[in-house]
Amino acid sequence: MIKPDGVARGLAETILKRVSGAGLAVAEKKQLVLTPAQAAELYRPHLGKKFYPGLIKFITSGPVVACLVSGEGAIAALRRLMGDTDPLAAERGTVRGDLKEAAVINEDGIIKNLVHGSDSPEAADRELAIFFK
Ligand code: DAT
Ligand code: MG
């Protein structure tokens, strides 16, 4: 998923080109603004953490582009392509490393890192159901 910072900066197509360039297929694609309920489901594993309220606020702050990405080892390949959660620690050649803004933390202390990617097949099933029913 391209997060609101990525969409607002016009980076969705640039990022998706990297995804297909890595040999992965973007099978479905949908731009939408997440409802609070959709955001809560996406970030359910982070419920109770200190940054959770800010994270929900950020992820609902503007349009995102949700994608169904498929391919051999797609989850690991996509996570590699995304780079470290902290853009300042993300390697060159990764989306988060190459496309980060000067200020990577927003006014609520949330890390702006352009993209979200499911971290397991179970998470992918749960998250894809939010967008593509
Ligand atoms: P990832 O998006 O790399 O899977 P995550 O699932 O641990 O990372 O966290 C979800 C998002 O929350 C992350 O992309 C940015 C934000 N975030 C994570 N840890 C944070 C922290 N300690 N402070 C502020 N924002 C954080
Ligand atoms: Mg995560």
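A brief look at the structure comes next.

Reading the values: rules and limits
Throughout, residues of each chain are indexed from 1 in the direction in which the sequence is written. Written order decides the labels, with chains lettered from A and ligands numbered from 1. With pLDDT at 70 or above as the cut-off, local features in this predicted model cover only qualifying residues; side-chain atom pairs require 80 or more to be listed or tallied, and sums for whole chains, interfaces and linings still use all residues. By convention in this description, side-chain values take in all heavy atoms of the structure and omit both hydrogens and water. Secondary structure elements follow DSSP: runs of H or I of four or more residues count as helices, runs of E of two or more count as strands, with numbering from the N terminus. Note on classification: 1.4 Å probe, protein chains only; a residue is buried when its accessible area is under 20% of the maximum for its type, exposed when over 50%, partly exposed between these limits. Any N or O atom pair separated by 3.5 Å or less is treated as a polar contact, with the protein-specific requirement of one donor-capable and one acceptor-capable atom, and with residues adjacent in sequence counted only for side-chain atom pairs. By definition, residues are in contact when any of their heavy atoms lie within 4.5 Å. Salt bridges are defined as contacts in which a side-chain nitrogen from Lys or Arg sits within 4 Å of a carboxyl oxygen from Asp or Glu. Here a residue is considered near a molecule or strand provided that any single heavy atom belonging to it is located within 4 Å of it. Each residue gets one of three labels, nonpolar for Ala, Val, Leu, Ile, Met, Phe, Trp, Tyr, Cys and Pro, charged for Asp, Glu, Lys and Arg, and polar for the others, Gly among them.

Focus on unusual backbone geometry
A positive phi angle, close to 75 degrees, is found at leucine 114, a residue other than glycine. Structurally, the position occupied by leucine 114 is in the loop between helix 6 (95-99) and helix 7 (121-131). The class of leucine 114 is buried, set by a relative accessible area of 1%.

Notes on the side chain of serine 118
Within the element layout of this structure, serine 118 appears in the loop between helix 6 and helix 7. Assessed through its relative accessible area of 17%, serine 118 is described here as buried. Within the local environment of serine 118, its side chain forms a polar contact with the side chain of glutamate 127, the two groups lying 2.6 Å apart. Those residues in contact with serine 118 that lie beyond four places of it in its chain are Ile75, Arg79, Ala123, Ala124 and Glu127.

Re the environment of histidine 46
Mapped onto the fold, histidine 46 is located in the loop between helix 3 (36-42) and helix 4 (52-59). In contact with histidine 46, not counting residues within four places along its chain, are Phe51, Tyr52 and Leu55.

Focus on the pattern of salt bridges
Should their charged atoms come close, side chains of opposite charge can pair. Evaluated as defined, the whole model comprises seven salt bridges. Arginine 44 serves as the salt-bridge partner of glutamate 41, at 3.0 Å between the closest nitrogen and oxygen. The exposure class of glutamate 41 is partly exposed, given its relative accessible area of 24%. Classification of arginine 44 by relative accessible area gives partly exposed; the value is 45%. Through salt bridges with shared partners, a single ionic network connects Glu41, Arg44, Arg126 and Glu127.

Quick look at the site of ligand 1
Around ligand 1, the neighbouring residues are Lys3, Tyr43, His46, Phe51, Leu55, Arg79, Thr85, Arg96, Gly109, Ile110, Ile111 and Asn113. Histidine 46 has a polar side-chain atom sitting 2.8 Å from an oxygen atom of ligand 1. Between a nitrogen atom of ligand 1 and a main-chain N or O atom of isoleucine 111, the distance comes to 3.3 Å. Residues of the shell around ligand 1, tallied by class, amount to five nonpolar, four polar and three charged.

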